[in-house]
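Summary of structural features
Given next are the chains, with one letter for each unit.
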Amino acid sequence: MKSRRGRSAGLLVAATALLMVLAGPVLAGEGGESVQGSLETPDGEPVEGVEVVVTTVDGAQVGTGETDAEGAFSVPLPGPGQYQVAVTAETLPEGQDLRDPERNPLTVNVRSGRALTVQFPIGERAGPEGGAPNRFAQTIVDGVKFGLIIAMTAIGLSLIFGTTGLTNFAHGELVAAGAIIAWFLNANSPAGLGIQLIGAALLAVVAGAGLGYALERGLFRPLRRRRTGLVTLLVVTIGLSLLLRYVLLYFFGGNPRPYSDYSVQRALDLGVFIQTPKDLIVMALSVLILIGVGLFLIRTRVGKAIRAVADNRDLAESSGIDVQKVILFVWCLGGALAALGGVFQGVVDSVNWNMGFQLLLLMFAGVTLGGLGTAFGALVGSIIIGVLTQISTLYLPPELKSVLALGALVAVLLVRPQGILGQAERVG
Amino acid sequence: MDLGAILADSLRAAIGPLAIVYALTAMGLNMQFGYTGLLNFGQAAFMLLGVYGSAITVAEFGGSLWVGILVGIALSVVLALLLGIPTLRLRADYLAIATIAAAEILRLIVRSTVVEDLTGGVFGISQFANDFYALNPYPGGRSYGVGPLQFSNNDLWVMTVGWTLVIIVGIMIAVLTHSPWGRVIKSIREDEDAARSLGKNTYSYKMQSLVFGGILGALAGALLGIAQQNANPDAFQPIITFYAYIVLILGGPARSFGPIAGTMVFWFIVAGLDTALRQAIDTGLIPETVLAGADVGIVRFMLVGLGLMILMIYRPQGIFGNREEIGLGAH
């Protein structure tokens, strides 16, 4: 069984690098300069007790370090400049060799105040065979997984727009609130209540529905009754999103944190791609729930009423549908789905106070691509956006992941603004 | 509670370089949103282009700062065109979404390692505004001001140039909006179909307004970079645009000098609140369990969000605005 070496190694290096960056100023020289890194085997096991020597380019010794139990080392420097970093090969454990012995020692340039991270890969490069075709399949599957989560959260956004005309910029915060409420329910004491994740998730979904209900009943319905314009409402949702986001930050803190259940799992090798069991379950559940919502919208009376109101509000009202009740229901459903999507995202990745805004832009992209106002459009568009986001990692660095999806959003507006399934609207 | 210190901090912020930057960028937004009804939520992107245009011209190509500012302005015109062409024919929401997306795309790209050689990545570019400070007539080595309200000679120079610029721009906007061009712009905000039925090419007018506002945004961004001697992508997150909106709405949309009042009041309150909160925490008035020092920023953002909501709901015309002229309730 091959482990997801690349990703877990990367995560480990990132985590230790983060730790070292935080500890760096304590250990390093006047300006905080230092050299750091971590050594681990291809299986992700840390390599302890290896000596690392830092010298100036003339060969004068500056300092030494030794990798600790996590395989991490940090050598403080007297100041910025050029240095040579060398791993003392004799101190490597039996059977472990540097992958690139020619790249030892490394000559590095440390800028003022920086803690520079260096890499010394150990052992043979292991990982899934097949190279590019497998990576492609992997990104498609990852993309579908991400897209399903976005789809679930975006349905609410699209339906709220369809029934009330409101572009809800606070929808991302509904997602984050769901994830964070579930976190507080799930976390072990003293931070939380220690409820098992499945129960915590269900409670969070109820809370999400409640939040949607409260927002509609307490904020948006009175404003609509006052005949407040849609543009004003849009700006109100922006203020609301700011308020909610920072309330969440206040309570949850700035660091991403995982749930206490299912957080660390071994990935399953499924031939062309790999996924952890929790990822597969999340995907399966998302598909089921999306099918359920779809059937609900098509088959049930309430669902048909929702689609009628989203299609043409006045006509629906004149045919006897209680529009205000439908809108309230849509807000509850949207809030519940958003909360569930947030929990899923927290399971698949981690819970983060800012996850709402990051997802919001992608939700907008998905909904616009698929057709603003239609639930099925949200579904189709979101999955495409999810796949695009993941595929972009094949060609672009990870920090630019959303750029392709956002670019697709702007491109859609250029070519077909009503989206794939939307109806063309003549404006301006 | 040291009221003197709070007052000094508030006043310093209300007339300082940051207030000027927001006055300028809010004036740009005023043209787009206040007068024309365009929902530009990516003003931070125009500011980003203004500062990076200047910084890269100086740092990478060795040009003069003034050429750099022109480059920044040119880039913002291009962005306005790129954003406007697809979205100005659509409903207002689409422009909002597209501009937020564009602002984030630009910020992420500028920040990434791919173009780090050009833009400095997450570290940005520093010390590119020496051409500006070379013209400083105020001698250094002393501080200028009254009592606890003190400014360095560089800050004073930025403030002199900045407020002069703001007043000139304000006069320009006043003249423009009272001209036939301005009347068409306002009619587009009120009822675009009516304007079109009179034969006006509303698309073209909207584009002009977008470009004008974008140029002001670029100027504001360049000024920010000059004042801080630093161009950094994380200084242009979406929150910047939201601040600008509050400044605009607080002062009064569709008033030429509204943003000036807005920025002064906004920064007076925000800086005063920051200092007051910090003092309350330090003196133990607010226990550490409720608020720690690091949370002061969080409270600020919460209040900004809440303030925006309350403003829009109860007083969308701000201090000096005219309720009928808002045009927000129309559709």
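Quick summary incoming for the structure in this document. Everything numeric here is computed off the predicted structure, so don't read it as measured data.

A short note on the overall build of chain B
- Each helix and strand counted, chain B has 14 helices and 4 strands in total.
- For a compact globule of 331 residues, the expected C-alpha radius of gyration is about 20 Å, and chain B comes in at 20 Å, within 12% of that figure.
- Taken along its principal axes, the extent of the C-alpha atoms in chain B is 65 × 50 × 40 Å.
- Here the analysis covers contacts within chain B between residues at least 6 apart in sequence; of these, 76% occur between residues at least 24 apart.
- By element, 66% of the accessible surface of chain B is carried by carbon and sulfur atoms, the whole surface being about 12800 Å².

Considering the pattern of salt bridges
All names here are of chain B.
- This model, assessed by the stated rule, comprises 13 salt bridges over all chains.
- For the salt bridge of R12 with D9, the shortest nitrogen-to-oxygen distance reads 3.1 Å. Placement of both R12 and D9 in helix α1 (residues 3-15) is noted, with a separation of 3 residues, approximately one turn of the helix.
- Accessibility expressed as a relative area gives 30% for R12, which makes it partly exposed.
- For D9, a relative accessible area of 26% corresponds to the partly exposed category.
- Linking R196 and D193 is a salt bridge whose minimum nitrogen-to-oxygen distance equals 3.7 Å. Placement of both R196 and D193 in helix α10 (residues 192-197) is noted, with a separation of 3 residues, approximately one turn of the helix.
- Residue classification places R196 among the partly exposed positions, given a relative accessible area of 33%.
- Within this structure, E104, R107, R111 and D234 form a network of salt bridges that share partners.

As for the interface of chain A and chain B
- Counting from both sides, the interface comprises 46 residues of chain A and, opposite them, 48 residues of chain B.
- With both chains or domains summed, chain A and chain B bury close to 4400 Å², and 77% of this area falls on carbon and sulfur atoms.
- The tally of links between chain A and chain B comes to 1 residue pair in polar contact (both at pLDDT 80 or more).
- The set of elements that each furnish at least two residues to the side of chain A that touches chain B consists of α4 (197-225), α5 (230-252), α10 (355-370) and α12 (401-415) of chain A.
- The element contributing the most residues to the side of chain A that touches chain B is α5(A), with 15 residues.
- Tallied by class, residues from the side of chain A that touches chain B come to 30 nonpolar, 9 polar and 7 charged.

What about a nonpolar patch on the surface?
Residues and elements named next belong to chain A.
- Together, I298, F376, V380, I384, I420 and L421 give the surface a local cluster of nonpolar side chains, amounting to about 450 Å² of exposed area.
- Looking at the nonpolar patch, the element that brings in the most residues is helix α11 (residues 375-392), giving 3 residues.
- Within the secondary structure, I298 is located in helix α6 (residues 277-299).
- Classification of I298 as partly exposed rests on a relative accessible area of 41%.

Points about the sheet that holds strand β6 (residues 106-110) of chain A
Residue and element names in this part refer to chain A.
- Strands sit in the order β3-β2-β5-β6 across an open sheet of 4 strands; the sheet is antiparallel. The open sheet is flanked by β3 (61-66) and β6, the only strands paired with a single partner. Pairs of neighbouring strands in the sheet enclose a mean axial angle of 25°, with direction left out of account.
- Relative to strand β5 (residues 81-87), strand β2 (residues 51-56) runs antiparallel, the two being bridged by 5 bridges. Counterpart to V52 in the pairing with β5 is V87.

Some points on the sheet that holds strand β4 (residues 72-76) of chain A
Residue and element names in this part refer to chain A.
- Strand order in this open sheet of 3 strands is β4-β1-β7, and the pairing throughout is mixed. Edge positions in the sheet fall to β4 and β7 (115-117), since each has one partner strand and no second. Across the sheet, the mean angle separating the axes of adjacent strands is 20° when strand polarity is ignored.
- Here strand β1 (residues 34-38) pairs with β4 via 5 bridges, running antiparallel. In the strand pairing of β4, S38 is matched with A72.

A word on the packing of helix α8 (residues 153-177) of chain B against helix α11 (residues 202-228) of chain B
Residue and element names in this part refer to chain B.
- In contact at an axis separation of 11 Å, α8 and α11 are set at 175° when each is read in the N-to-C sense. Relative to α11, the element α8 is oriented roughly antiparallel. Two secondary-structure elements touch here, α8 through V158, G162, V169, M172, I173 and L176 and α11 through F212, L216, L223 and A227.
- Partitioning the contact of α8 with α11 into residue classes produces 9 nonpolar, 1 polar and no charged.

The rules we used
All residue numbers here refer to positions counted from 1 along the written sequence of the relevant chain. Here the convention is simple: chains get letters from A, ligands get numbers from 1, in the order in which they are written. Owing to the predicted nature of the model, reporting of local features is limited to residues with pLDDT of at least 70; listing and counting of side-chain atom pairs is limited to 80 or more, with chain, interface and lining totals taken over all residues. Processing note: side-chain calculations cover all non-hydrogen atoms of the structure and skip hydrogens and water entirely. Here a strand is any run of E in DSSP of at least two residues, a helix any run of H or I of at least four, and the numbering for each starts at the N terminus. As defined in this context, the radius of gyration uses C-alpha atoms, and a globule is described by 2.2 Å times the residue total to the power 0.38. The criterion used for residue contact is that any of the two residues' heavy atoms lie within 4.5 Å. Throughout, the Shrake-Rupley method with a 1.4 Å probe supplies accessible areas, and for residues the shown protein chains are the sole cover considered. Salt bridge, as applied in this entry: a Lys or Arg side-chain nitrogen positioned within 4 Å of an Asp or Glu carboxyl oxygen. Note on classification: 1.4 Å probe, protein chains only; a residue is buried when its accessible area is under 20% of the maximum for its type, exposed when over 50%, partly exposed between these limits. Once two parts are put together, the accessible area they lose, assessed with a 1.4 Å probe and summed over both, is termed the buried area. Pairing of N or O atoms within 3.5 Å defines a polar contact, subject to two protein rules: one partner must be a possible hydrogen donor and the other a possible acceptor, and residues neighboring in sequence count only if both atoms are side-chain atoms. The nonpolar class holds Ala, Val, Leu, Ile, Met, Phe, Trp, Tyr, Cys and Pro. Asp, Glu, Lys and Arg form the charged class, and all remaining residues, Gly among them, are polar. What makes a patch is a set of residues exposed beyond 30% relative accessible area and free of salt bridges, joined within 9 Å when like-charged and within 5 Å when nonpolar (Val, Leu, Ile, Met, Phe, Trp, Tyr). Here, strands pair whenever DSSP counts at least two bridges between them. Lines fitted to the C-alpha atoms define the axes, with helices restricted to the stretch that makes contact. Angles between their N-to-C directions range from 0 to 180 degrees. In this scheme, roughly parallel covers angles under 35 degrees and roughly antiparallel covers those over 145, while 65 to 115 is roughly perpendicular and the rest are oblique.

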